[in-house]
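Residues per chain are reported as follows:
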Amino acid sequence: MAPELYNLNAPEGLRAIVTALFCGYNYRLYTEGETRHVLLETYSELNAIRQRLPAHAGYDEWLEAVADELDKNPGSLGWWLVGLTNKTANNLGLQRSDRLDYLAEVLAHIRSFVADSAAPHSFSDAVVMLWAGAATLTIRGSRKSRLGKILEGSFLRAGLSLLGLREGEDFWLNMQRDAEVLREVDAEIASRRGRIRVEVGLIERGNQEVIEDKINRVGRGGIVIFDQIGPRSTIHGTAAAQQVCLIQIRNSRPLSALHDYLADKTEKAVNEPPADTADIETAVSALPDALFTA
């Protein structure tokens, strides 16, 4: 049976993953299938380029043929064909005009590696593996950032709506900095004493410094919602010192924790959210598609 793919560009995909977050599940289990699908499609595209070359092409033929492909591919693929990600190319100080010279160096290195290596790789095998490695880094890195942003917005929009709050009236998303607040935040919620600032961080537990930055970003009385943290993390002490509410998603009920914190603070009374898994699924399924947009 093929794995279920959750399309984050469609409301049904986002709805399923946001439901999983409300239930305290690991959202990456829901996004990995689509990421893998994108990777496989990309590898097929790279392999198609390989197959356009003569069956037993060597260094000179590859240099000429890949140079021709570089002219056809101005985007990320053009860097993958020299074994680099865009970010690595920038770190190396390479311009697009440098690609052909760098390609000659890369292919010469691969030719030497294949000749000296005991591994049974052909020249073309080694080239394609380098391409695939660069493509994998690019795709995983870009999707991680993009998916996180999409999920964070839908998580807040759907969650606050389930609490009975209305966007544009009781809460606002993606608040930019202004004369009074110097740092942008993911959301602000109307309270009896101004606005409560909110940040969401769907990050790996090793990135404590990201959560600490979010604690500083929301300030006194703010809320930071995160996936999970490591056992040695000190963010609870940091948050307590700055009177910031921390809400963990993983293995928890983040909606209930958000309700409990907001219950005596918001101008409008907040609804008691569903806590049972089945009730959460039912409540989220009843929300309009407009809340789940990329």
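Preceding this section is the structure that the text describes.
A brief report on the enclosed structure follows. This is a predicted model, so every value here is computed, not measured.

## Comments concerning the overall build of the protein chain
Then, in step 1: In terms of helices and strands, the protein chain carries 11 helices and 5 strands.
Then, in step 2: Relative to the compact-globule value of 19 Å for 294 residues, the protein chain shows a C-alpha radius of gyration of 24 Å, a clear excess of over 25%.
Then, in step 3: The 294 residues of the protein chain split such that 47% are buried.
Then, in step 4: Counting contacts in the protein chain only where the partners sit at least 6 residues apart, residues at least 24 apart contribute 59% of the total.

## A closer look at the nonpolar core
Then, in step 1: Ranked by size, the top nonpolar core spans 42 residues in total, and within it Phe22, Ile223, Ile225 and Leu262 carry the most contacts.
Then, in step 2: With 8 residues, helix H7 (residues 123-162) is the largest single contributor of residues to this core.
Then, in step 3: Those residues in contact with Leu262 that sit more than four places away from it in its chain are Leu160, Leu163, Ile189, Ile196, Ile223 and Val270.

## Details of the environment of Tyr261
Then, in step 1: Within the secondary structure, Tyr261 is located in helix H10 (residues 254-262).
Then, in step 2: Of the residues examined, Tyr261 reaches a relative accessible area of 16% and is grouped as buried.
Then, in step 3: For Tyr261 and Ser145, which are 116 residues apart along the polypeptide, the C-alpha to C-alpha distance reads 28 Å.
Then, in step 4: Among residues more than four places away in sequence, those in contact with Tyr261 are Gly221, Gly222, Ile223 and Cys245.
Then, in step 5: Within the structure, Tyr261 has its side chain in polar contact with the backbone oxygen of Gly221 (distance 2.9 Å).

## A word on the environment of Ala119
Then, in step 1: Structurally, the position occupied by Ala119 is in the loop between helix H6 (99-116) and H7.
Then, in step 2: Overall, the relative accessible area of 30% leaves Ala119 in the partly exposed class.
Then, in step 3: Along the backbone, Ala119 and Lys214 are 95 residues apart, and their C-alpha atoms lie at a distance of 47 Å.

## Focus on H10
Turn by turn, an α-helix covers 3.6 residues, leaving residues three or four places apart pointing in a common direction.
Then, in step 1: A large share of H10 lies buried, amounting to 7 of its 9 residues.
Then, in step 2: Among the residues making up H10, those that are buried are Pro254, Leu255, Ser256, Leu258, His259, Tyr261 and Leu262.
Then, in step 3: The secondary structure elements touched by the buried residues of H10 are helix H1 (11-22), H7, strand S2 (185-191), strand S3 (194-201), strand S4 (223-226) and strand S5 (245-248).

## As for the packing of helix H3 (residues 59-72) against H6
Then, in step 1: Their axes nearest at 10 Å, the elements H3 and H6 cross at an angle of 145°. For the pair H3 and H6, the crossing hand works out as right-handed. Between H3 and H6, the residues in contact are Tyr59, Trp62, Leu63, Val66, Ala67 and Leu70 and Arg99, Leu100, Leu103, Ala104, Leu107, Ala108 and Arg111, respectively.
Then, in step 2: Here the residues of the contact of H3 with H6 sort into 11 nonpolar, no polar and 2 charged.

## Brief notes about the pairing of S4
Then, in step 1: The alternating pattern of S4 places Ile223 and Ile225 and Val224 and Phe226 on opposite faces, both of which are buried.
Then, in step 2: Both S4 and S5 contribute to a ladder of 4 bridges, which runs parallel. If you follow Ile223 over to S5, its bridge partner there is Cys245.
Then, in step 3: In this view, the connection linking S4 to its parallel neighbour S5 by way of helix H9 (residues 235-241) has right-handed handedness.

Scoring rules and cut-offs
- Residues numbered from 1 in each chain as written.
- Predicted model: local features only at pLDDT ≥ 70, side-chain atom pairs only at ≥ 80, totals over all residues.
- Heavy atoms only, no water.
- Helix = DSSP H or I, 4+ residues; strand = E, 2+ residues; numbered from the N terminus.
- Rg over C-alpha atoms; globule rule 2.2 N^0.38 Å.
- Buried < 20%, exposed > 50% of the residue type's maximum accessible area, 1.4 Å probe, protein only.
- Contact = heavy atoms within 4.5 Å.
- Core = buried A, V, L, I, M, F, W, Y, C linked by side-chain atoms within 4.5 Å.
- Polar contact = N/O pair within 3.5 Å; in protein donor to acceptor, adjacent residues only side chain to side chain.
- Axes fitted to C-alpha atoms, helices over the stretch in contact; angles between N-to-C directions.
- Left-handed = near helix turned anticlockwise from the far one by under 90°.
- Nonpolar A, V, L, I, M, F, W, Y, C, P; charged D, E, K, R; others polar.
- Pairing = 2+ DSSP bridges.
- Right-handed = clockwise from strand over helix to strand, strands pointing away.

Nothing here speaks to function; it is geometry throughout.
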